[in-house]
Amino acid sequence: MRLALLLLLAAAALAGCSVFPVSEASQTHSDTSSPAAPTTTTTTKLTLPPRPREIRLDKVNPCTVLTKDQRAALSLDTTPSPYTDTELKARACTIRGTYSGQVARLALVTTEGAELWISDEAQNTAKVIAVVGFPALEVRTPGLDTLCNVEVDVADGQFLDVMFRDGGGAAPIPQDDLCLGAQRVAEAAMTSLSGGH
């Protein structure tokens, strides 16, 4: 009886654990979305596996990471547009697909590591993946199903942030497809950064 009561109390305690979304740090400077409803999170702590080596981003131009051929293969055909992402405090670049209705954003974060996305303060859904042999996170923000982020751990205190979003085409793009798009962009970017283009 005591065991049943303890299990019931534990279930009630877990059911009461919910978080509220913070500002949409993963959005571009022109995105606007309303906050999402509270979501329940698990207590499983994610960790990033070790990276094979470091790729420093300090002197990289975010708008030249993807080559013209890579952009064409990803259906991103507009001229890359540089800006500073104030949320991430990073140099960033946005590239649109005229016909695909997709938008990719690359931000080179040099002030903190990718662990930011799996810290106790992070209020999102993340899973560990690999991008060209580097540890990475696929990140989904509650209430923002029109975008997906991939965060690649490239060096101590630095990460490549790739956001892939629906640019508002005729037909909405499912979030699973946006996450696949973010991974493809991240793979192309890491191939380029690794000297493989």
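Treat the numbers as computed from the prediction; the structure is a model and nothing was measured. (Residues numbered from 1 in each chain as written. Predicted model: local features only at pLDDT ≥ 70, side-chain atom pairs only at ≥ 80, totals over all residues. Heavy atoms only, no water.)

1. Observations concerning helix α3 (residues 175–193)
Along an α-helix, a turn takes 3.6 residues, which lines up residues three or four apart on a common side.
For step 1, the next point in the chain: Here α3 is 19 residues long and its end C-alpha atoms lie 26 Å apart, about the 27 Å a rise of 1.5 Å per residue gives.
For step 2, the next point in the chain: At the exit of α3 stands Gly195, carrying a positive phi of roughly 85 degrees. (Helix = DSSP H or I, 4+ residues; strand = E, 2+ residues; numbered from the N terminus. Expected span 1.5 Å × (residues − 1).)

2. Observations regarding the state of the cysteines
For step 1, the next point in the chain: Here the structure, examined in full by the defined rule, presents two disulfides.
For step 2, the next point in the chain: Across the disulfide, Cys63 is cross-linked to Cys93 (sulfur-sulfur distance 2.1 Å). Negative torsions about the S-S bond denote left-handed disulfides, and the value of about 105 degrees found for Cys63 with Cys93 makes this one right-handed. Pair noted here: Cys63 is in the loop between β2 (39–40) and α2 (68–73) and Cys93 is in strand β4 (residues 90–96), with a separation of 30 residues, a long-range link. Residue Cys63 shares its accessibility class with Cys93, and that shared class is buried.
For step 3, the next point in the chain: Between Cys148 and Cys179 runs a disulfide, and the two sulfur atoms are separated by 2.1 Å. Torsion about the S-S bond of the Cys148 and Cys179 cystine: about 100 degrees, corresponding to right-handed handedness. You can see Cys148 sitting in strand β8 (residues 147–155) and its partner Cys179 sitting in helix α3, a full 31 residues away along the chain. (Disulfide = S-S within 2.5 Å. Buried < 20%, exposed > 50% of the residue type's maximum accessible area, 1.4 Å probe, protein only.)

3. Regarding the pattern of salt bridges
For step 1, the next point in the chain: Under the counting rule described, the total for this entry stands at eight salt bridges.
For step 2, the next point in the chain: Across the pair Asp153 and Arg51 runs a salt bridge whose closest N-O atoms are separated by 3.1 Å. Here Arg51 lies in the loop between β2 and α2 and Asp153 lies in strand β8, a separation of 102 residues in the sequence.
For step 3, the next point in the chain: One salt bridge connects Arg56 with Asp58, and the closest N-O pair in it is separated by 3.5 Å.
For step 4, the next point in the chain: One salt-bridge network, held together by shared partners, links Arg51, Glu54, Arg56, Asp58 and Asp153. (Salt bridge = Lys/Arg side-chain N within 4 Å of Asp/Glu carboxyl O.)

4. A short note on the sheet that holds β4
For step 1, the next point in the chain: Here seven strands make up an open sheet; going across it, the order is β3-β4-β5-β9-β8-β7-β6 and the pairing antiparallel. Every interior strand has two partners, whereas the edge strands, β3 (81–85) and β6 (125–131), have only one. Averaged over neighbouring strand pairs, the angle between their axes works out to 25 degrees when direction is ignored.
For step 2, the next point in the chain: As paired elements, β4 and strand β5 (residues 102–109) share six bridges and run antiparallel to each other. (Pairing = 2+ DSSP bridges. Axes fitted to C-alpha atoms, helices over the stretch in contact; angles between N-to-C directions.)

5. Considerations on the confidence of the model for the chain
For step 1, the next point in the chain: When pLDDT is averaged along the chain, the result is 81, and 77% of the positions lie at 70 or above.
For step 2, the next point in the chain: Contacts of residues 1–43 to residues separated by more than four positions or lying in other chains number 51 contacts, the stretch itself having pLDDT below 50. (pLDDT = per-residue confidence, 0-100. Contact = heavy atoms within 4.5 Å.)

6. Topic: unusual backbone geometry
For step 1, the next point in the chain: A positive phi angle is found at Lys89, which is not glycine, with a value near 55 degrees.
For step 2, the next point in the chain: You will see that Val132, though not glycine, has its phi angle at about 50 degrees, which is positive.
For step 3, the next point in the chain: The residue Val132 is located in the loop between β6 and β7 (134–140) in this model.

7. Overview of the environment of Asp77
For step 1, the next point in the chain: Mapped onto the elements of the fold, Asp77 is located in the loop between α2 and β3.
For step 2, the next point in the chain: A residue is classified by how much of its surface remains accessible, and Asp77, at 43% relative accessible area, is partly exposed.
For step 3, the next point in the chain: In the structure, Asp77 is positioned 20 residues away from Gly97 in sequence and 5.2 Å away in space, judged by C-alpha atoms.
For step 4, the next point in the chain: One polar contact links the side chain of Asp77 to the main-chain amide nitrogen of Thr98, over a distance of 2.7 Å. (Polar contact = N/O pair within 3.5 Å; in protein donor to acceptor, adjacent residues only side chain to side chain.)

8. Considerations on the nonpolar core
For step 1, the next point in the chain: Ranked by size, the top nonpolar core spans 35 residues in total, and within it Val152, Leu160, Val185 and Met190 carry the most contacts.
For step 2, the next point in the chain: Elements with a contribution of two residues or more to this core: β4, β5, β6, β7, β8, β9 (158–166) and α3.
For step 3, the next point in the chain: Counting residues per element, this core draws most heavily on α3, at nine residues.
For step 4, the next point in the chain: Excluding residues that lie within four positions of it along the chain, Val185 makes contacts with Leu66, Leu74, Leu76, Ala104, Leu106, Val162 and Phe164. (Core = buried A, V, L, I, M, F, W, Y, C linked by side-chain atoms within 4.5 Å.)

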